[in-house]
Amino acid sequence: MKAVISRMQGMDRQKTIIQIVWGVLLVLAGIGVFIRIHQVMPQILQIESFASASLFIRFCFYLLGILLIGGGSKKIYHYYQQLGGENSGK
């Protein structure tokens, strides 16, 4: 029975680490959106049908970046706390 519990705790720890890595990737993707906005917007504005909606497009890109960074940060914080709780219980 102890072996089963130990294996389950190991799987939970592995899941927690994977979720932390996923959170880091989300934050990096959000930072990448902020970097790419300045490179992509001139190309988007060259398309006549999108030129009139440039403010809305820019807003959407910034919102996407904020949501990615916020969601990734929340995931990192949550699972890092969970990982810290596992270590303090030993």
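The text that follows walks through the structure, step by step, so that each part is easy to find. These numbers come from a predicted model, not from an experiment. (Residues numbered from 1 in each chain as written. Predicted model: local features only at pLDDT ≥ 70, side-chain atom pairs only at ≥ 80, totals over all residues. Heavy atoms only, no water.)

Here's the deal with the overall build of the protein chain
At step 1: Looking only at helices and strands, the protein chain has three helices and zero strands in total.
At step 2: Along the chain direction, N to C, the helices and strands of the protein chain fall in the order α-α-α.
At step 3: Taken over 90 residues, the protein chain has a buried fraction of 19%.
At step 4: In the protein chain, the proportion of contacts linking residues at least 24 apart, taken out of those at least 6 apart, comes to 79%.
At step 5: Accessible surface computed for the protein chain: about 6900 Å², of which carbon and sulfur atoms make up 68%. (Helix = DSSP H or I, 4+ residues; strand = E, 2+ residues; numbered from the N terminus. Buried < 20%, exposed > 50% of the residue type's maximum accessible area, 1.4 Å probe, protein only. Contact = heavy atoms within 4.5 Å. Areas by Shrake-Rupley, 256 points an atom, 1.4 Å probe, with all protein chains shown as cover.)

Regarding the side chain of Gln 19
At step 1: Position of Gln 19 among the secondary structure elements: in helix 1 (residues 2-45).
At step 2: Among residues more than four places away in sequence, those in contact with Gln 19 are Lys 75 and Tyr 79.

Some details on the nonpolar core
At step 1: If you look at the biggest cluster of nonpolar residues, it comprises six residues: Val 33, Ile 37, Val 40, Met 41, Ile 44 and Ile 57.
At step 2: Here this core gets five residues from one element, more than from any other, and that element is helix 1.
At step 3: With sequence-adjacent residues up to four places away left out, Ile 37 is seen in contact with Arg 58, Phe 61 and Tyr 62. (Core = buried A, V, L, I, M, F, W, Y, C linked by side-chain atoms within 4.5 Å.)

Considerations on the packing of aromatic side chains
At step 1: Scanning the entire structure with this criterion turns up one aromatic pair.
At step 2: Here the aromatic rings of Phe 34 and Tyr 62 are separated by 5.5 Å at their centres, their planes lie at 45 degrees, and the arrangement is tilted. Here the residue Phe 34 occupies a position in helix 1, and Tyr 62 occupies one in helix 3 (residues 54-88), the gap between them amounting to 28 residues.
At step 3: Take Phe 34: its relative accessible area is 26%, and that puts it in the partly exposed class. (Phe/Tyr/Trp six-rings, centres within 6.5 Å; stacked < 30°, edge-to-face > 60°.)

Quick notes on the environment of Gly 30
At step 1: With respect to the secondary-structure elements, Gly 30 resides in helix 1.
At step 2: In sequence terms Gly 30 and Phe 61 are 31 residues apart; their C-alpha atoms lie 9.7 Å from each other.
At step 3: Setting aside anything within four residues of it in sequence, one finds Gly 30 in contact with Gly 65, Leu 68 and Ile 69.

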